[in-house]
Amino acid sequence: MLKAIQVGVGGFGLSWFELLQSYQQAEVAAIVDPLETNVQAALKRANRNVLSFDRLAKAIEKVEADFVLIVTPPTTHADLAKTAIKAKLHVMMEKPLTDTLEEGKALLAFTNAHAQKVMVSQNYRYHPQIQTIKALLDQQVIGKVEYGDYYFNRATRFGGWRDEYADILLQDMAIHHFDILRFLLEKEAVEVTAASFRPSWSWFKGMPNAHVDILFEDEVRISYTGRWAGKGRKTPWNGELRLVGEKGAIELVDDRVYMYKGEADEPTEIQLQTSLLPDRLLSLDAFVAAIRHDTVPPTSIEDNVKSLELTWAAIEAAKSGKKWTC
Ligand SMILES: NC(=O)c1ccc[n+]([C@@H]2O[C@H](COP(=O)([O-])OP(=O)(O)OC[C@H]3O[C@@H](n4cnc5c(N)ncnc54)[C@H](O)[C@@H]3O)[C@@H](O)[C@H]2O)c1
């Protein structure tokens, strides 16, 4: 059983902590969070003895561990990851990799100079809907994807650090969808044009809504619309997706996957893949396997910096109003 120090037990960290209570391959030996109320809320849910600290450095001094799980606001990711790597601990961290692309590239260089595994948990890749679409694409059921649409529409009031971000949709949410696209298409973005905006009623101070046109390698065109201060019919967190190829189309609507053969108007619903573990534990499984077998995890920092690059291309394109070449 691997031992972890979990850093950050706020909104998402608490649910990570709960998930890990039943995980077979790793256990949380200590938690780190400067906010005592959050620490106490987590400790109440612990089914074993867990130590607590207000700083990662202190936990590293006192606790034997194999890896650090970082579930803190993005501004803290780079420093926390470096502290862990310096102490020869592997790192699993929440998206986005870092707060800026510059920090992400610097952390990649730092990681490359060390032996530790660093992986970002892009858990959406492990959602059954996304795995099902990936399997269909791998079977070439629609042939080569030539274009697609992605649509996300929610109204979520988090409060806290998200309200302060300049490009909150692109940095905190669209990065999931961009990573899904990279995963499904197995291609990188080449050119990006984008516009982001803030509707008058937005509770986010930054831009919660955006349109992004992405040209991927091999001339694959994706049109992305994301709204986090949206009105009207809401989409699930995965959003809605249509991928179109010579032999048909695949659609993700209301978290159900449909296949349209050729020019057919009527779809066939595709049964979703099943798994014994929830998405985040599948992601953690991949990380644990990479540690055990000394392999590169699927959403390693090397891979993930490309999702951050795509996000940054969209941010820069939106800011400048110009086409961004990746
Ligand atoms: N993958 C997903 O679906 C998903 C969903 C939600 C959040 N997230 C990610 O999880 C991370 C945390 O988000 P959240 O919603 O839980 O935020 P949050 O604000 O609810 O919680 C963050 C916690 O980190 C603590 N913290 C801050 N700085 C710290 C430090 N230096 N050391 C230790 N603890 C520190 C805070 O006190 C707080 O308890 C973010 O990167 C976010 O993008 C991912």
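Residue numbers restart at each chain and count upward from 1, following the sequence in its written direction. The model is predicted, so local features are restricted to residues of pLDDT at least 70 and side-chain atom pairs to those at 80 or more, both for listing and for counting; the totals for chains, interfaces and linings are taken over all residues. Just so you know, side-chain values use all the structure's heavy atoms and leave hydrogens and water out.

### Let's talk about the environment of Tyr126
Turning to step 1, where the next piece is worked out: Of note, Tyr126 is situated in the loop between β6 (118-121) and α6 (128-138).
Turning to step 2, where the next piece is worked out: Once residues lying within four places of it in the same chain are set aside, the contact partners of Tyr126 are Gln131, Asp279, Leu282, Ser283, Ala286 and Pro298. Helix and strand assignments come from DSSP, with helices taken as H or I runs of at least 4 residues and strands as E runs of at least 2, each series counted from the N terminus. In what follows, a contact means two residues having at least one pair of non-hydrogen atoms within 4.5 Å.

### Observations regarding the sheet that holds strand β15 (residues 324-325)
Turning to step 1, where the next piece is worked out: Strands were regarded as paired on the criterion that DSSP finds at least two bridges between them. Pairing in this open sheet of nine strands is mixed, and the strands run β14-β13-β12-β11-β7-β10-β9-β8-β15 from one edge to the other. Each having just a single partner strand, β14 (268-270) and β15 make up the two edges of the open sheet.
Turning to step 2, where the next piece is worked out: Pairing geometry for strand β11 (residues 240-245) and strand β12 (residues 248-253), over five bridges, is antiparallel. Looking at β12, one finds that Leu241 is bridged to Leu252.
Turning to step 3, where the next piece is worked out: In this fold helix α9 (residues 301-320) packs onto β8 (189-197), β9 (209-216) and β15, with an angle of close to 55° to the strand it touches most, β8. Inter-axis angles, ranging from 0 to 180 degrees, are taken between N-to-C directions of lines fitted to C-alpha atoms, where helices are fitted over the stretch in contact.

### Points about the domain arrangement of the chain
Turning to step 1, where the next piece is worked out: In this entry, domain limits derive from an automatic or database-based domain assignment. Each assigned domain of the chain is listed here: domain 1 (2-116) and domain 2 (125-276 + 309-325).
Turning to step 2, where the next piece is worked out: If you look at the interface, domain 1 gives nine residues, while domain 2 gives eight residues.
Turning to step 3, where the next piece is worked out: Taking both partners together, domain 1 and domain 2 bury about 770 Å²; carbon and sulfur atoms supply 64% of that area.
Turning to step 4, where the next piece is worked out: By definition, the buried area sums, over both parts, the 1.4 Å-probe accessible area that each loses when the two are put together. Ranking the residues of domain 1 by area buried against domain 2 places Lys95, Asp99 and Leu101 at the top, with a combined share of 57%.
Turning to step 5, where the next piece is worked out: The working definition used for a salt bridge is a side-chain nitrogen of Lys or Arg within 4 Å of a carboxyl oxygen of Asp or Glu. Here domain 1 and domain 2 share two salt bridges between them.
Turning to step 6, where the next piece is worked out: Where Lys95 meets Asp172, a salt bridge forms, and the shortest distance between an N and an O atom there is 3.0 Å.
Turning to step 7, where the next piece is worked out: Nitrogen and oxygen atoms within 3.5 Å of one another constitute a polar contact, given that in protein one can donate a hydrogen and the other can accept it, and given that sequence-neighbouring residues count only through two side-chain atoms. Between domain 1 and domain 2 we count three residue pairs in polar contact (both at pLDDT 80 or more) in total.

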